[in-house]
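Chain by chain, the residues run as shown.
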Amino acid sequence: MDSSTLNYQNATVASGIASAIAILLCFFLFRFIIKFGHHSREPPTVSGAWPIIGHLPLLRGSKQLHITLASMADKYGPLFTIKSGSKKTIVLSNWEMAKECFTTNDMAVSTRPTKLVANENLSYNGAMFGFAPYGPYWRQIRKIVTLELLSNRRIEQLSHIRVSEVQASVKDVYRKRNNDEEYVLVEMKQWFAELIFNMVFRMLVGKRCFGFGGLENNNRCLETIREFMNLLGVFTVGDVVPLLRWLDFGGYEKAMKKTAKELDEVLDDFVREHRQKRSLLDEKDFLDVMISVFDDASGVDGFDAHTIIKATTLTMITGATDTTTVTLTWAMCMLLRNPHTLKKAKEELNTQIGKERRILESDLSKLQYLQAIIKETLRLYPPSPLGVHREFTENCNLGGYQIKKGTRLITNIWKIHTDSSIWSDPLEFKPERFLTTHKDVDVKGHHFELLPFGSGRRACPAISFGFQMVHFILASFLHSFEILNPSPELVDIDGTLGITHVKTTPLEILVKPCLIPNCYETM
Ligand code: HEM
């Protein structure tokens, strides 16, 4: 063999080896992409982010944010990213993602973002456990709250407060009329709010807010709590560009400080009064319990006892009042807009309870149609349509996407609740679905297509209590009165979104007693 043939053969062998290596490399690269490439993808980012401020204009836009984000989900899919400054927030919009998030990944997503300007200013720096990071402090306070206010035994013990407050409010309306045939005009947003504030204040701090024995500055207190809930939903420029925080565009931070101070003064008064009366009390309210648990302790996690007591009481007041008032207001709007539903609810009340006695909490289990009305209201009008923000504390995979530690999470509950692949006629108010096609779906956070109270470790701790309160108040009102829309126009459904979605305008209705007079007179 001459040398040129040998060289030719060597070159052929070398190029064969090179080709084999290239094929093998391609094969492994391909396998690597299949195996890891999908997971290293981040959820798609919404286009149109501004330099530095990202999607802030979108978050502060005039349209209701849950609706804007729902349209984006139609375009970008059930998990997408929006940016506020350097921070990424993923928006979750379908039940499959919710299931994976609040089961497999729940531990990684059980904290709240602590660095938001609203959280810093309004939550006693994280001492309000609803805004506290996931950890021992949050766990300890949530446990006390669950035992001392929300256990079945405690809810049962406090039944007399709920019943007496409902009766007092019904009687107030009854007294307004001049004769039994006359309809009187009632503004329901205020009626529900006063009743709920009285109930919640009595259970938590042992006194009413409105009416006899109420606070002097009750309307101011109600407004301040509304302002608090509104400001909690605000993204400030400081959240996005911390360097510009001091400019306080829009004056939000100033308003937050003012609101926090006003509420703090109310709470200071409550705590002072409770400490003074401490030894004289037979029946303890929630604030008494908090004082006896924490006053002799040196504090927890850097928070002193006084701050913990005030912060926890405020968490419960704000958590309980707005959500329930909002739900009842939307339920009433839906009933007025859907007379056949109202008629069926009244028929159920007449059949199950009749017109000759007052309703009891123990009657609620018989009122299945009314329960379906509340579920349907919570589906179409979840009080917090975007839940309460969470933050990922670990890297994790969600729906095949890689989510990095530090990313924030918004759950678009409203979008999940109006998914047409789960709910037929998703925007129609049809309580019947909860007695037929969706009769096994409850609101406790395990059916991921219906999550008005959230899900996982951080879900609302008052699911049963909140549901029961709303059910009892709505049942009592509808049982006690005939109701009419005073206008030939349909009741409007304009809403304003803070952390809760509130009906913007008042809700005035005409009401007339429909039980035998003795039922009201003995209230
Ligand atoms: C219709 C009634 C209510 C609705 C729809 C509702 C809804 C919610 C939602 C969506 C969350 C956030 C859950 C999450 O992050 O996954 C939440 C949290 C919370 N809710 Fe409710 N809620 C209601 C009534 C109440 C009541 C009556 C109370 C108090 C008595 C209450 C106290 C709280 C607290 C303390 C948290 C924070 C829990 C934590 O961070 O660990 N809620 N609620």
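Residues numbered from 1 in each chain as written. Predicted model: local features only at pLDDT ≥ 70, side-chain atom pairs only at ≥ 80, totals over all residues. Heavy atoms only, no water.

Going by what an unreviewed UniProt entry lists, the protein chain is known as Cytochrome P450 and is assigned to Arachis hypogaea. Per UniProt, the protein chain carries the Cofactor (unreviewed entry) text "heme". (UniProt positions renumbered as here; feature names shortened; annotations may be inferred.)

1. A word on the overall build of the protein chain
Assigned secondary structure in the protein chain consists of 19 helices and 11 strands. For the C-alpha atoms alone, the extent of the protein chain along its principal axes is close to 125 × 55 × 45 Å. Burial analysis of the protein chain (523 residues in total) assigns 53% to the buried set. Taking all contacts inside the protein chain whose residues are at least 6 apart in sequence as the whole, residues at least 24 apart take part in 74%. (Helix = DSSP H or I, 4+ residues; strand = E, 2+ residues; numbered from the N terminus. Buried < 20%, exposed > 50% of the residue type's maximum accessible area, 1.4 Å probe, protein only. Contact = heavy atoms within 4.5 Å.)

2. A few points about the coordination of the iron atom of the ligand
For the iron atom of the ligand, the protein contributes exactly one donor atom, Cys460 (SG), at 2.4 Å. The residue Cys460 is located in the loop between α17 (413–417) and α18 (463–480) in this model. (Donors = N, O, S within 2.8 Å, 3.2 Å for Na, K, Ca; no water.)

3. Brief notes about the pattern of salt bridges
For the coordinates displayed, the defined rule picks out 29 salt bridges. Taking the shortest distance from any N to any O, the salt bridge between Glu376 and Arg379 comes out at 2.8 Å. With Glu376 and Arg379 both in helix α16 (residues 368–380), this residue pair falls 3 residues apart, about one helical turn. Like Arg379, Glu376 is buried. Where salt bridges share partners, they join Glu120, Arg245, Glu253 and Lys257 into one cluster. (Salt bridge = Lys/Arg side-chain N within 4 Å of Asp/Glu carboxyl O.)

4. Topic: the site of the ligand
Close to the ligand lie 24 residues; Trp138, Arg142, Arg390, Arg458 and Cys460 are nearest. Trp138 is positioned such that a nitrogen or oxygen atom in its side chain is 2.8 Å from an oxygen atom of the ligand. Contact between the ligand and Arg458: an oxygen atom at 2.8 Å from a side-chain N or O atom of the residue. Among the cavities detected, the one that contains the ligand is the largest cavity. Only α6 (136–148) and α14 (305–337) provide two or more residues apiece to the shell around the ligand. The element that contributes the greatest number of residues to the shell around the ligand is α14, accounting for 6 residues. Tallied by class, the residues present in the shell around the ligand amount to 13 nonpolar, 7 polar and 4 charged. (Near = heavy atom within 4 Å. Polar contact = N/O pair within 3.5 Å; in protein donor to acceptor, adjacent residues only side chain to side chain. 1 Å grid on protein atoms, 1.4 Å probe; cavity = no way out; pocket = protein on both sides within 12 Å on 5 of 7 lines; lining within 4 Å. Sits in = over half its atoms within 2 Å of the grid points. Nonpolar A, V, L, I, M, F, W, Y, C, P; charged D, E, K, R; others polar.)

5. A word on the layout of surface pockets
Any empty space left between the atoms is revealed when a probe the size of a water molecule rolls over them. Taken as a whole, the largest pocket encloses approximately 680 Å³ of empty space. Every residue lining the largest pocket is counted, 33 residues in all, and those nearest its centre are Asn230, Gly233, Val234, Leu497 and Gly498. Secondary-structure elements contributing two or more residues to the lining of the largest pocket are α5 (117–122), α10 (218–232) and β9 (495–497). With 4 residues, α10 is the largest single contributor of residues to the lining of the largest pocket. Taken together, the residues of the lining of the largest pocket break down into 17 nonpolar, 11 polar and 5 charged. (Points joined across faces, edges and corners; volume = space filled by probe spheres on them.)

6. Some points on the packing of α14 against helix α15 (residues 339–352)
Look at α14 against α15: their axes get within 5 Å of each other, and the N-to-C directions meet at 105°. Judged on the interaxial angle alone, α15 and α14 are roughly perpendicular. Of α15, the residues touching α14 (which contributes Leu335, Leu336 and Arg337) are Pro339, Thr341 and Leu342. A breakdown of the residues in the contact of α14 with α15 according to their chemical character gives 4 nonpolar, 1 polar and 1 charged. (Axes fitted to C-alpha atoms, helices over the stretch in contact; angles between N-to-C directions. Parallel < 35°, antiparallel > 145°, perpendicular 65-115°, else oblique.)

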